[in-house]
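Read off the chains here:
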Amino acid sequence: MFGERLRALREHQEMSQLEVAKKLDIMQNTYSRYERGIREPDYATLKKIANFFGVSIDYLLGNDDPSLEDDLADLENILMNGRYTIYAHFPSDDEREMLRDLLRVLYRKK
């Protein structure tokens, strides 16, 4: 499960194994072994991976599936930061505008 999710996260970000490995400060062959399930990262590396991809360690380990809160956080990242995680789908221009309006209303209520 870990390797599958790791690969999906990387591919969703349209990054190569080498690019991710460099960002995580690990060897590319080590990262490749994580994706293939041959090797498991230590806790510090697992935490680094989760932070890099913006997911929980539980998600990486297969103990947690995306929730509505994850989707909302993802949507906010898309709209406000231009970034996304594995859960994201890309809204149309009309949907984006409606979501911006909704977020503006929600932020005014805070």
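Residues numbered from 1 in each chain as written. Predicted model: local features only at pLDDT ≥ 70, side-chain atom pairs only at ≥ 80, totals over all residues. Heavy atoms only, no water.

1. Points about the nonpolar core
Applied cut-off: Here, nonpolar core refers to any group of buried Ala, Val, Leu, Ile, Met, Phe, Trp, Tyr and Cys residues whose side-chain atoms link them within 4.5 Å. Here the term buried applies to any residue with accessible area under 20% of the maximum for its type, exposed to any over 50%, and partly exposed to those in between, with areas from a 1.4 Å probe on protein chains only. Under the scheme used here, helices are H or I runs from DSSP no shorter than 4 residues and strands are E runs no shorter than 2 residues, and both carry numbers assigned from the N terminus. Should any heavy atoms of two residues lie within 4.5 Å, those residues are considered in contact.
Counting residues in hydrophobic clusters, the biggest one holds 17 residues, and the most contacted among them are F2, L6, Y31, Y34, I49, F53 and L60. Looking at this core, the elements with two or more residues in it are α1 (2–12), α2 (17–24), α3 (28–36), α4 (43–53) and α5 (57–60). In terms of residue count, the dominant contributor to this core is α4 (four residues). When sequence neighbours within four positions are dropped, the list of residues in contact with L60 reads M1, F2, R5, L9, L46, I49, A50 and V55.

2. A closer look at the pattern of salt bridges
Note the following rule: A pair is scored as a salt bridge if a Lys or Arg side-chain nitrogen falls within 4 Å of a carboxyl oxygen belonging to Asp or Glu.
The full count for this structure, using the stated rule, is two salt bridges. A salt bridge links E11 to R7, with the shortest nitrogen-to-oxygen separation between them at 2.8 Å. Note that E11 and R7 are positioned in helix α1 at a spacing of four residues, about one turn of the helix. Given the relative accessible area of 39%, E11 is considered partly exposed. Between E35 and R10 there is a salt bridge; the shortest N-O distance is 2.5 Å. Within this pair, whereas E35 is found in helix α3, its partner R10 is found in helix α1, the two being separated by 25 residues in sequence.

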